Amino acid sequence: MPGVKPYVIPKQLVWDAYQRVKANQGAAGVDGESLAAFEKDLKGNLYKVWNRMSSGSYFPPPVLRVEIPKDDGGIRPLGIPTVADRVAQTVVAMVLEPVVEPKFHPDSYGYRPGKSALDAVGMARRRCWSADWVIDLDIKGFFDSISHDLVERAVAHHTDLAWVRLYVSRWLRAPVQWPDGAQEQRMKGTPQGGVVSPLLANLYLHYAFDTWMQRVHPGVQFERYADDVIVHCKTEEQAKTVLVAIQGRFEQCGLALHPTKTRIVYCKDSNRPGEYEHIAFDFLGFTFQPRRAKNRSGDYFSSFLPAMSTKAATRVRRTIREWRLASTKNHYALADLPKLVDPAVRGWMNYYGRYYRTECVHTLQHVNVALAAWVRRKYHQRFRYRRRASEQWLRRIARRDPKLFALWALGVKP
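From a predicted model like this one, the values you see are computed outputs, not experimental measurements.

Caption draft 1: Molecular detail of the overall build of the protein. Assigned secondary structure in the protein consists of 17 helices and 11 strands. Across its three principal directions, the C-alpha atoms of the protein cover 80 × 60 × 35 Å. Within the protein, contacts between residues at least 6 apart in sequence are counted, and of these 67% link residues at least 24 apart. If you sum the accessible surface of the protein, you get close to 20900 Å²; carbon and sulfur atoms cover 51% of it. Of the charged side chains in the protein, 63 are positive and 40 negative, and the gap between their average positions amounts to 9 Å.

As C-alpha cells, this is what we get:
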C-alpha cells in the first residue's frame, strides 16, 4: 500500500530521542551542523529521521574522528556522529536498552541506569578487604577491537526487530572521517562517542566476559565499568590461573590484554604482610593501595583503601590552571567567582571526596592558591608582592563568610 512503511517506528519515539540528545548537547559531526542549527528546522529534520528510519533508507553519515590526549601520553580516539545521527542512534538505544538491561550482570556498572562508577569503587573497596589479590585488567584498544559479527549476533539474540538489527549493522560499518576530510572504512570496532556504542560495548563484554566468568569461574568476583575491569582472587596462584584463562577467552573474542598495564596486585595491609612487585592499582580515578587508617580505639594501622589518584589530581590541577583566575578574571568581583568555580568543586568533592577525603581536600587547596593569586592581581597595589598577606586576607573573608565558596562550605579553608 502506498505510504505504508516497512518498519513501525512511532514519531513520539523520535521526539523523545531528540529530547535526550538536546539534554546531552554535544559537538557537531562531519556536516558541521550544531544542535542550534538543527533546531532551526526541528520539525523537518526530525521528520527526515523518522521517515528514513521507517522506510529502511536511513544510512548513517561518516563519524568525525577526534583524538583526545590521555594522561599517559597516549591518544583516546572519539567518533562524533552528526546531530541527526545521534537522534537515530538514541531511537535504537531506547528500544534495545530495556530489553538487554535486565540481563546484564549485577557487577557491570558502566553506562547503566541506577549504577555509577562510585558504586563500582565502593564494591571493589569491600572486596579488597576479603580477597588478598586483584587482577587489574587493561583491554588494549577495546572499542576499536570489537568484532562486528559477534555484536550483531548478540543483538539478534535479544531482539527480532529487523530495523534495530539493520541500523546497528550500518552504524558498526559507517566510515570514519578525519578532520582533513579523508575517510576510512571500519572493519571492526564501534566508535567511542556514539550514542549506541556504550550499550553495544556492554552487550559485547556481557558475553565475552561477564557470563563467561559466571560460568567458568563462578566463585571469582569482579567489578566492570565498561572496559575497566577488576577481578578478585583469594591466592596468587588462583590469580595467575584466572588471568591466563581470561587472556585465552579474550583472544577467542578478538580482544587482547595490554601486556604491561595488566597486572596482578597484592592487597597489602597490616593483616597481610610480605612484599610483592605490585601493591597498588588505579580504578575509575582512584588509586587502591595501603594507607594509614585509625580504628575505633584510636590506634593507627595500614588498610588497603582507595583515594583520589595522582592522574585525577593532575587533571583537577590542570583545570584550575585553565580557569586563569589571576590573569583573565581580575575584572570580576570576589562574589562573582563562585559561579565559575563552585560547580566543578562540588563535582570533584562529591566524587573524589567519597573515599579517603583528605587526598581530595589536599588537591582542592589549589583552588585557594588560585584565589590568593587572584587577590594579588586584583589588588596589586596592596598585595602584589605580599603572598602571605593575600592569603591572610582570604582567610579573613572565609571566616566572615564561610559559605561564599562551596570549597569553604565543604571545609577546604584557605
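Caption draft 2: Fine view of helix α1 (residues 11-24). Along its 14 residues, α1 runs 20 Å from first to last C-alpha, staying within 8% of the 20 Å computed at 1.5 Å per residue. Among the residues of α1, Leu13, Val14, Ala17, Tyr18 and Val21 are the ones counted as buried. One side of α1 holds all its buried residues, which, seen down the axis, span an arc of 140°. In this structure, the buried side of α1 is in contact with α2 (35-40), α3 (42-55), α4 (83-100) and α8 (162-173).

Caption draft 3: The arrangement of the sheet that holds strand β3 (residues 133-138) in detail. Within the open sheet, the 4 strands sit side by side as β6-β7-β3-β8. Their pairing is antiparallel. For this open sheet the edge positions go to β6 (221-225) and β8 (263-266), each flanked by a neighbour on one side alone. The average undirected angle you get between the axes of adjacent strands in this sheet is 20°. Helix-sheet contacts for helix α5 (residues 117-130) involve β3, β6 and β7 (228-233), and the interaxial angle to β6 is about 160°. Taken strand by strand, helix α10 (residues 236-252) contacts β3, β7 and β8, and its axis lies near 20° from that of β3.

Caption draft 4: Looking closely at α3. Taking 1.5 Å of rise per residue, 14 residues should cover 20 Å, and α3 covers 20 Å from first to last C-alpha, within 8% of that figure. Three or more residues of α3 are buried, namely Leu42, Asn45, Leu46, Val49, Trp50, Met53 and Ser54. Looking down the long axis of α3, one finds its buried residues gathered within 160° of arc, a one-sided arrangement. In this structure, the buried residues of α3 make contact with α1, α2, α4 and α8. Following α3 by one or two positions, glycine 56 has its phi on the positive side, about 85°.

Caption draft 5: Representation of the pattern of salt bridges in the model. Under the counting rule described, the total for this entry stands at 13 salt bridges. Taking the shortest distance from any N to any O, the salt bridge between lysine 22 and glutamate 39 comes out at 3.0 Å. Note that lysine 22 is positioned in helix α1 and glutamate 39 in helix α2, a separation of 17 residues in sequence. Classification of glutamate 39 by relative accessible area gives partly exposed; the value is 26%. Glutamate 152 is paired through a salt bridge with arginine 173; the nearest N and O atoms lie 2.9 Å apart. Separated by 21 residues along the polypeptide, glutamate 152 in helix α7 (residues 148-158) and arginine 173 in helix α8 bring together distant segments of the chain. We classify glutamate 152 as partly exposed; its relative accessible area is 21%. Given the relative accessible area of 33%, arginine 173 is considered partly exposed. Connected through salt bridges with shared partners, the residues Asp107, Arg127 and Glu223 form a single ionic network.

Caption draft 6: Layout of the packing of α4 against α8. Contact geometry of α4 with α8 gives a least axis separation of 10 Å together with a crossing angle of 135°. Compared by their axis directions, α4 and α8 come out oblique. The two elements α4 and α8 cross, and the hand of that crossing is left-handed. Contact residues: α4 offers Asp85, Ala88, Gln89, Val91, Val92 and Val95, while α8 offers Trp163, Val164, Tyr167, Val168 and Trp171.

Caption draft 7: Inspection of the side chain of histidine 158 at higher detail. Assignment of secondary structure puts histidine 158 in helix α7. In this structure histidine 158 touches Val99, Val100, Lys103, Leu203 and Tyr207, once residues within four positions along its chain are discounted.

Caption draft 8: Representation of unusual backbone geometry within the structure. One non-glycine residue, glutamine 25, adopts positive backbone phi at about 55°. Mapped onto the elements, glutamine 25 comes out in the loop between α1 and α2.

Caption draft 9: The packing of aromatic side chains, seen in detail. Across all of its chains, the model carries 19 aromatic pairs by this definition. Between tryptophan 133 and tyrosine 276 the ring centres are 4.7 Å apart and the planes differ by 85°, which places this aromatic pair in the edge-to-face class. With tryptophan 133 in strand β3 and tyrosine 276 in the loop between β8 and β9 (281-283), this residue pair connects regions lying 143 residues apart in the sequence. Assessed through its relative accessible area of 11%, tryptophan 133 is described here as buried. Judged by its relative accessible area of 24%, tyrosine 276 is partly exposed. Grouping aromatic residues by their ring pairs yields a cluster made of Phe286, Tyr351, Tyr352 and Tyr355. Note that lysine 115 overlies the ring of tyrosine 109, its terminal NZ or CZ placed 4.8 Å from the centroid. Of note, arginine 291 hangs over the ring of tyrosine 356, and the distance from its end group to the ring centre comes to 5.4 Å.

Cut-offs used in this document
Residues numbered from 1 in each chain as written. Predicted model: local features only at pLDDT ≥ 70, side-chain atom pairs only at ≥ 80, totals over all residues. Heavy atoms only, no water. Helix = DSSP H or I, 4+ residues; strand = E, 2+ residues; numbered from the N terminus. Contact = heavy atoms within 4.5 Å. Areas by Shrake-Rupley, 256 points an atom, 1.4 Å probe, with all protein chains shown as cover. Lys, Arg positive; Asp, Glu negative; His and termini not counted. Charge placed at Lys NZ, Arg CZ, Asp CG, Glu CD. Expected span 1.5 Å × (residues − 1). Buried < 20%, exposed > 50% of the residue type's maximum accessible area, 1.4 Å probe, protein only. Arc of directions from axis to C-beta. Pairing = 2+ DSSP bridges. Axes fitted to C-alpha atoms, helices over the stretch in contact; angles between N-to-C directions. Salt bridge = Lys/Arg side-chain N within 4 Å of Asp/Glu carboxyl O. Parallel < 35°, antiparallel > 145°, perpendicular 65-115°, else oblique. Left-handed = near helix turned anticlockwise from the far one by under 90°. Phe/Tyr/Trp six-rings, centres within 6.5 Å; stacked < 30°, edge-to-face > 60°. Lys NZ or Arg CZ within 6 Å of the ring centre and 35° of its normal.

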